[in-house]
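# Close look at the chain arrangement
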Amino acid sequence: MTGRPIDVLNEAKGKNVMLKLKNRTQISGVIKAFDMHINVWLEDADVTDAEGNTAKLGNTLVRGDSIIYISPAQ
Amino acid sequence: MTGRPIDVLNEAKGKNVMLKLKNRTQISGVIKAFDMHINVWLEDADVTDAEGNTAKLGNTLVRGDSIIYISPAQ
Amino acid sequence: MTGRPIDVLNEAKGKNVMLKLKNRTQISGVIKAFDMHINVWLEDADVTDAEGNTAKLGNTLVRGDSIIYISPAQ
Amino acid sequence: MTGRPIDVLNEAKGKNVMLKLKNRTQISGVIKAFDMHINVWLEDADVTDAEGNTAKLGNTLVRGDSIIYISPAQ
Amino acid sequence: MTGRPIDVLNEAKGKNVMLKLKNRTQISGVIKAFDMHINVWLEDADVTDAEGNTAKLGNTLVRGDSIIYISPAQ
Amino acid sequence: MTGRPIDVLNEAKGKNVMLKLKNRTQISGVIKAFDMHINVWLEDADVTDAEGNTAKLGNTLVRGDSIIYISPAQ
Amino acid sequence: MTGRPIDVLNEAKGKNVMLKLKNRTQISGVIKAFDMHINVWLEDADVTDAEGNTAKLGNTLVRGDSIIYISPAQ
């Protein structure tokens with residue numbers, strides 16, 4: 001309840017997260033690193049487009065500027 | 001009536017808020033943290049799209065750049 | 001005629017204002033606080049969409065980045 | 001021919017100007033103040049939409065980020 | 001070949017230039033001043049829309065953020 | 001697992017990467033340099049548009065602002 | 001392989017480059033100067049629109065914010 005919102009991403013490190021992107025796609029993968037711009041490094045990532053088609057990306061650096069929200073798997 | 005607008009979000013901490021996003025969706029959840037960029041950490045969040053379909057997100061970090069407005073529940 | 005444009009918002013504090021937003025909606029409410037990014041805190045706010053439908057928001061933090069113009073009630 | 005472009009707006013203070021906005025509308029009014037972000041305070045302003053319909057705004061703060069160009073009346 | 005690109009605009013001062021804008025219009029006029037954000041002050045300006053219709057603007061301050069490119073007359 | 005996300009691009013230097021761009025195209029090439037804005041220099045680059053047509057670009061500087069994500073070949 | 005991506009543009013000075021722009025046009029010309037924002041000064045430039053129509057621009061200052069990528073001629 002204290003600290004910055006992005007500090008909370010620390011708890012998600014090494015776990016699976018879902019990133020909703022501005023271009024109407026979403027990417028799922030294991031979060032390995034992030035910075036204050038919310039640039040995110042994922043491993044074992046997949047991308048799903050607006051029509052539901054999925055493609056494997058593997059390691060991926062996602063620019064924070066393209067991210068709407070990030071939701072850790074539960 | 002004094003202070004910065006985002007300070008007023010402090011009163012909303014731990015309570016339910018609605019975030020209107022630029023991509024024509026809205027997210028509701030319990031606000032746990034925010035920063036000066038209005039990045040917001042929510043717990044127990046749901047997303048509703050422009051057609052009214054709702055999906056459960058759980059914990060979610062929303063980037064301030066994607067937010068139009070935030071309205072605490074009343 | 002002197003000072004910064006946003007200083008003029010000080011005179012509007014506690015009064016009703018209309019905010020025109022980039023997403024083709026407008027929000028009316030009582031302005032309680034604002035900052036240099038023109039983030040605005042409103043009380044007793046209502047939102048009206050491009051088709052003229054109105055919904056009650058209550059307290060609302062509007063991000064300055066989404067605002068086109070602000071017009072105090074006369 | 002010297003100085004910054006926005007300094008030239010000083011000569012327009014108290015006079016009528018036309019602001020062309022990114023949302024395909026334009027606003028006319030008497031310019032009372034502006035800042036380095038080209039945020040502009042107008043008095044006695046009117047807005048005209050892309051179809052030519054005009055509405056009275058009165059006092060209005062226009063965010064510089066929404067302005068394409070400003071043209072003083074001649 | 002040395003110096004910053006915007007320094008080269010100094011040579012265009014007092015001459016006619018064409019500004020291509022993001023809103024699919026272009027503006028021609030005599031460049032009198034500019035700054036590091038490429039905000040530009042023009043005299044005797046005309047605007048031409050995407051359909052080729054031209055209107056007289058006279059003195060005009062164009063925000064750099066709306067400019068795609070600037071081309072001095074030859 | 002430590003460090004900044006963009007540091008991880010160091011491991012990709014000299015290898016093939018795929019850049020997904022905001023204009024619905026993607027570029028593949030050998031990454032030679034990048035900076036903190038995620039501007040990227042590629043050698044032997046190809047661009048593929050949304051319809052799947054490919055064209056050879058050779059050496060290319062891609063502005064970070066246009067990049068959604070970067071995925072090294074595996 | 002060392003240095004910043006934009007330093008690599010130094011090697012292109014005085015040579016022909018192609019700039020892909022966000023407004024679905026591209027500009028070719030001889031690069032004479034650039035800065036850290038990737039604002040670019042071209043000589044003897046031509047613009048080609050999405051339909052393939054070409055027009056002569058001559059000397060042109062292109063704002064970096066409008067550029068997707070730059071590719072030197074080979």
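Residues numbered from 1 in each chain as written. Chains lettered and ligands numbered in written order. Predicted model: local features only at pLDDT ≥ 70, side-chain atom pairs only at ≥ 80, totals over all residues. Heavy atoms only, no water.

As a further point, take the pairing of strand β2 (residues 26–34) of chain B. Residues and elements named next belong to chain B. Bridge analysis of strand β1 (residues 16–21) against β2 gives five bridges, and the strand direction is antiparallel. Across the sheet, residue Leu 19 finds its bridge partner in β2, namely Ile 27. As consecutive antiparallel partners, β1 and β2 are separated by four residues, and within that stretch Arg 24 has a phi angle of approximately 65°, a positive value. As judged from the seven bridges shared by β2 and strand β3 (residues 40–48), these two strands associate in the antiparallel manner. Each bridged residue has a counterpart across the sheet, and for Gln 26 the counterpart in β3 is Thr 48. Between β2 and β3, which pair antiparallel in sequence order, lie five residues; one of them, Ile 38, sits at a positive phi of approximately 65°. (Pairing = 2+ DSSP bridges. Helix = DSSP H or I, 4+ residues; strand = E, 2+ residues; numbered from the N terminus.)

Taken residue by residue, the interface counts 20 residues in chain F and 22 residues in chain A. Contact between chain F and chain A buries roughly 1,800 Å² in total, counting both sides, with carbon and sulfur atoms accounting for 61%. At the boundary of chain F with chain A, the tally comes to one salt bridge. Residue Lys22(F) pairs with Asp65(A) through a salt bridge whose shortest N-O separation is 2.5 Å. There are eight residue pairs in polar contact (both at pLDDT 80 or more) connecting chain F and chain A. Here the element with the most residues in the side of chain F that touches chain A is strand β5 (residues 67–72) of chain F; it accounts for six residues. Classifying every residue of the side of chain F that touches chain A gives twelve nonpolar, five polar and three charged. Of the strand pairs in this sheet, strand β4 (residues 54–62) of chain A and β5(F) are connected by two bridges, and their pairing is antiparallel. In the sheet register, Leu61(A) faces β5(F), and the bridge partner there is Ile70(F). (Contact = heavy atoms within 4.5 Å. Buried area = accessible area lost by both parts, 1.4 Å probe. Salt bridge = Lys/Arg side-chain N within 4 Å of Asp/Glu carboxyl O. Polar contact = N/O pair within 3.5 Å; in protein donor to acceptor, adjacent residues only side chain to side chain. Nonpolar A, V, L, I, M, F, W, Y, C, P; charged D, E, K, R; others polar.)

Turning next to the interface of chain B and chain C. With 19 residues of chain B at the contact, the number on the chain C side is 22 residues. For the pairing of chain B and chain C, the buried interface totals around 1,800 Å² over both sides, and the portion due to carbon and sulfur atoms is 62%. Inspection of the chain B/chain C interface yields one salt bridge. Where chain B touches chain C, the interface holds eight residue pairs in polar contact (both at pLDDT 80 or more). By residue number, the principal contributor to the side of chain B that touches chain C is strand β5 (residues 67–72) of chain B, which donates six residues. For the side of chain B that touches chain C, a count of residues per class yields twelve nonpolar, five polar and two charged.

Functional significance is not addressed by these values, which are geometric in nature.
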